[in-house]
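Take a look at the letters that make up each chain.
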Amino acid sequence: MKTNQTTRRDFLKTTGLTTAAIGFPTIIPATALGNADTPPPSERIVMGGIGLGNMGSGDLGNFLNNPNVQYVAVCDVRGNVRNERKNQVDGKFGNKDCKAYVDFRELLAREDIDAVHIATPDHWHAIQVIEACRNGKDVYCQKPESRTLREGQLMVDTVRRYGRVFSGGSQRVLEDYRDVVRKCWSGELGAIQSINVNVGPLPQACNLPAEPCPDDMDWEMWLGPAPWGPYNAKRCSGSFSIDGSSWRSFSDYSSGGLTDWGAHHFGGATFAADLRELQPTEVTYHDEGGKQYLTFKYPNGVLLTHNMPGKGNLEVVGTPGQKRAAKEVPQYSVKGGIYSDFLNCVRTRGNPFRAIEFAINTACVCHLGMIAYTLKRSLKWDAAKQQFAGDEEANRFVDQARREPWQL
Amino acid sequence: MLDQAFEALKTYDWGVDPKVVQPIDDAIISTRGDAAARKELETRLAAVLKTDASRSAKDVVCRALKTVGTAASVPALAALLPDEKLSHMARYALERIPEPDAGQALRTALPNVAAKLKIGMIASLGVRGEETSVAPLQALLADSDPAVAQAAADALGDINSLTAGKALFNAKPTAGTKAAIADASMECAEKFLAAGNKVAAKATYEKLLSGNPSKQVQLAATRGVQACAAK
C-alpha cells in the first residue's frame, strides 16, 4: 500500500537468503514471503492495533489470521499485554519486526501503517479515531464508537474530511438478528410501527479505593481524558461483566450495558427497522410503577422502545395484513464477516457495512437514552444542530470536559 | 437525606460507597423547576469547594455543578483552575455552564497556569465556542510550546466562526502546528461551505494546498476544492 513496500519485500527476501546462507533454519513462513494463498507483504494491508486486551485480542487474532494483512505494531498501556501481543505477532510472521508502543500517537505517526484497529475502553475511542484519521489511517473501532454525542459528530466529520474507511466493531448487527431483519426487509410485516430493545444495566459512579498500580502499567495513559481516579484493578478490568468489577460498569468510561450490548441490540433494531440513517427526534421517559423505560421517536414516525414492559428483545410491531414490497437487505461487501468487509473496503475505498454514520447513529440512541435516564425526563433532539431543542440543562450532557492534555 | 449527604462529603474519600452522596444527584432531579431550591443546592455545593474536603469529595461537587451550576458558582470553580489536581473537574463544570462568566473565568485564568493545565482550558474555551475567546486563542497560535499552539488551533476549529477561520488563515504554521492548523482550517471551511460562503471555503483549501501539505491534508483539501466547485 505504500511506496516503500517494494523495498520491504526485497529486504525480506534478502534477509531470508542471508539467514539460509549462514546456516539458520530455512523454514520461512508463507506469511513472510507469500505464496499462492498468501499475498506477499508488499501487497498486504499494513496494520497496527491499539488496546489489545479482551476485545482487542480477538480483533488482533482476526486481522492477524487474514492473509491480506501485514501486522507490524501493537500498542497497550499494560506491559504484559503489550509483550504477549508482540510475541504473538512475531510468531505469526517468523520475525521480531513487530514494534510495541505505550503511546498510541507514536504508532499512528508511522507512515508505513495503512490501517489500525482500536479496542481501548470507550472513553478513548474518539480521540484515537480522530488522531488516526488525521494521520491518514483507516480505522476499525470497537463499539460503542463514541462516549458522548459531540464526539460522535466530530468522528463522522473527521472520517469524511480525510476520506478514511471506517468500520464500527459490531458484527452482531448483521449476524445476530437475521430472522428479524429478514421479516422486516421482506415486507411481510408491513410498515414497521415499533421495535423494542431490552438491554442493561446502566452504569454506576466509581469511587473505588486506591490499590498498588502494577509496575508495568501506565495508569495516566489508561485514564487519559477521563476524570482522575486512583488505580484499582476493578476500575480498569476489561471483564465483560457490568456488575462493578470492570470499566464497563462505571460512568466515566462507559454507559454500562446501555452502550455495551446496547450498541449491538440498538444497532440490530435500527437496521431491522431501516432506521440506520436517522437519529431520533424525541425520547420519552416513562416511569410506571417504579419501572422505567424509554420510547424513541424517529422522524418517519417509527418508535424504538427500550425495556418496554412485556416486550421481548427486538420484538417488532408491524402492520399485519399490509404486506409491503421487499427490499434487498444490505450485506458485507465480501464474504468473511465484518473484518473482511473492512479490509476489502480499505482496498476498494468503499463504505463498510458499519460505516461511521451508521455506527454513530446507533451510539446516539444509546447516549440520548442515558441522558434521559440520568435526568429522568423526556427530551427533544435536533439532529441537524446536534442539540436538545430549547433545553439548556440537557445540552450540558452533549459532551464532557476531557482531562488535560487530551482534547478532540 | 440531603443534609446527611453534605455531612458525608466532609469525610468522603476514595473507597467510600458513593451511595452516601446519591441524595445530591436525587436533589438535582427533584429541584428542577424550583429556582429557589436549585439556588440553595448550588450554594451548598459551591461552599464545599472552599473547604478542605478531599479531592474525591470535590469531584462529586463539580459533577453536580456541571448540571446545576450558574454564574453564582463560577468564582468557587475558578479558584480551582490553577490546582493541578482539581483543574480538570473545575472545567468539568465550567465548560458546560452556559453563562458567559464561566468562559470569562477560563480566559482570566489562562495566562497564569502551567502549560498542561492551559491546554485543558484552551480546549474548554473551544468547546464553549465564544467569539470573545478568538483573540486570546489566536495569540496562543504562536506560543513557544507546540502543544499549547496545537490546542489553540484545535479550539479555534471548534469555535468555527468566520473570525476563528480568519485567525487560522493568517497563522504562520510551524512543524509542530501545521497539522492542527490544517485540520482546524478545514473544519471552518466545511462550515463556510455549508453556509454558502464558497469564497472563504475555497480560499482556505487553496491556502492549505499551497503550503506543501502532508499527503492526507492534500487529499482532504483537494476534495474540499472539488466540493466548492460542485456547490
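Being a predicted model, the structure only gives us computed values, none of them experimental. (Residues numbered from 1 in each chain as written. Chains lettered and ligands numbered in written order. Predicted model: local features only at pLDDT ≥ 70, side-chain atom pairs only at ≥ 80, totals over all residues. Heavy atoms only, no water.)

Side note on the overall build of chain B
- Counting its regular elements, chain B contains 14 helices and 0 strands.
- If one aligns the C-alpha atoms of chain B with their principal axes, the spans along those axes are about 65 × 35 × 30 Å.
- Here chain B, with 231 residues, has 52% of them falling under the buried criterion.
- Sequence separation of at least 24 residues holds for 59% of the intrachain contacts in chain B that already meet a minimum separation of 6.
- Carbon and sulfur atoms form 56% of the exposed surface of chain B, whose accessible area is close to 10,300 Å². (Helix = DSSP H or I, 4+ residues; strand = E, 2+ residues; numbered from the N terminus. Buried < 20%, exposed > 50% of the residue type's maximum accessible area, 1.4 Å probe, protein only. Contact = heavy atoms within 4.5 Å. Areas by Shrake-Rupley, 256 points an atom, 1.4 Å probe, with all protein chains shown as cover.)

Here we look at the interface of chain A and chain B
- The interface is formed by 43 residues belonging to chain A together with 50 residues belonging to chain B.
- For the pair chain A and chain B, the summed buried area comes to about 3,700 Å², and 48% of that belongs to carbon and sulfur atoms.
- At the junction of chain A with chain B, the criterion picks out 9 salt bridges.
- One salt bridge in this structure joins A:Arg161 and B:Glu190, with 2.6 Å as the shortest N-O distance.
- Linking chain A with chain B are 27 residue pairs in polar contact (both at pLDDT 80 or more), by the criterion used here.
- Examining the composition of the side of chain A that touches chain B, we find that 4 residues originate from one element, helix H7 (residues 149-161) of chain A, more than from any other. (Buried area = accessible area lost by both parts, 1.4 Å probe. Salt bridge = Lys/Arg side-chain N within 4 Å of Asp/Glu carboxyl O. Polar contact = N/O pair within 3.5 Å; in protein donor to acceptor, adjacent residues only side chain to side chain.)

Some remarks on the state of the cysteines
- Taken as a whole and assessed by the stated rule, the structure comprises 0 disulfides over all chains.
- Among the cysteines around A:Cys141, which has no disulfide bond, A:Cys133 carries the closest sulfur, lying 10.0 Å off. (Disulfide = S-S within 2.5 Å.)

Describing helix H10 (residues 146-159) of chain B
- Relative to the 20 Å expected for 14 residues at 1.5 Å per residue, H10(B) spans 20 Å between its end C-alpha atoms, a close match to the ideal helical length.
- Within H10(B), 11 of the 14 residues are buried, which leaves it mostly tucked inside the rest of the structure.
- Within H10(B) the residues assigned to the buried category are B:Val148, B:Ala149, B:Ala151, B:Ala152, B:Ala153, B:Asp154, B:Ala155, B:Leu156, B:Gly157, B:Asp158 and B:Ile159.
- At its buried positions, H10(B) is contacted by helix H6 (125-134) and H7 of chain A together with helix H8 (115-128), helix H9 (134-140), helix H11 (162-169) and helix H12 (178-194) of chain B.
- The opening residue of H10(B), the one whose side-chain oxygen lies 2.9 Å from the backbone nitrogen of B:Ala147, is B:Asp145.
- Positive phi appears at B:Asn160, one or two residues downstream of H10(B), with a value of about 55 degrees. (Expected span 1.5 Å × (residues − 1).)

Examining the domain arrangement of chain A
All names here are of chain A.
- Partitioning chain A into structural domains gives domain 1 (5-171) and domain 2 (173-202 + 256-395).
- A separation of 30 Å is found between the C-alpha centroids of domain 1 and domain 2.
- Listed as interface residues are 38 residues of domain 1 and, on the opposing side, 35 residues of domain 2.
- Remark: the boundary between domain 1 and domain 2 carries 3 salt bridges.
- A salt bridge links Asp-260 to Lys-143, with the nearest nitrogen and oxygen atoms 3.2 Å apart.
- Applying the counting rule to domain 1 against domain 2 returns 13 residue pairs in polar contact (both at pLDDT 80 or more).
- Elements supplying a minimum of two residues to the side of domain 1 that touches domain 2: strand E1 (45-50), helix H3 (54-64), strand E5 (138-141), H7 and strand E6 (166-168).
- A per-element tally of the side of domain 1 that touches domain 2 places H7 first, with 7 residues.
- Taken together, the residues that form the side of domain 1 that touches domain 2 break down as 14 nonpolar, 14 polar and 10 charged. (Domains from an automatic or database assignment. Nonpolar A, V, L, I, M, F, W, Y, C, P; charged D, E, K, R; others polar.)

Looking at unusual backbone geometry
Residue and element names in this part refer to chain A.
- Cis rather than trans, the peptide bond between Lys-143 and Pro-144 has omega equal to -10 degrees.
- Along the chain, Pro-144 turns up in the loop between E5 and H7.
- The omega torsion across Gly-200 and Pro-201 is 0 degrees, close enough to zero to call that bond cis.
- Of note, Pro-201 is situated in the loop between strand E7 (194-197) and helix H10 (219-223).
- Notably, Leu-314 is not glycine yet its phi reads approximately 60 degrees, a positive angle.
- Within the secondary structure, Leu-314 sits in the loop between strand E10 (303-306) and strand E11 (316-317).
- The exposure class of Leu-314 is buried, given its relative accessible area of 4%.
- One non-glycine residue with positive phi stands out, namely Arg-349, at about 65 degrees.
- Here Arg-349 falls in the partly exposed class, since its relative accessible area comes to 40%.

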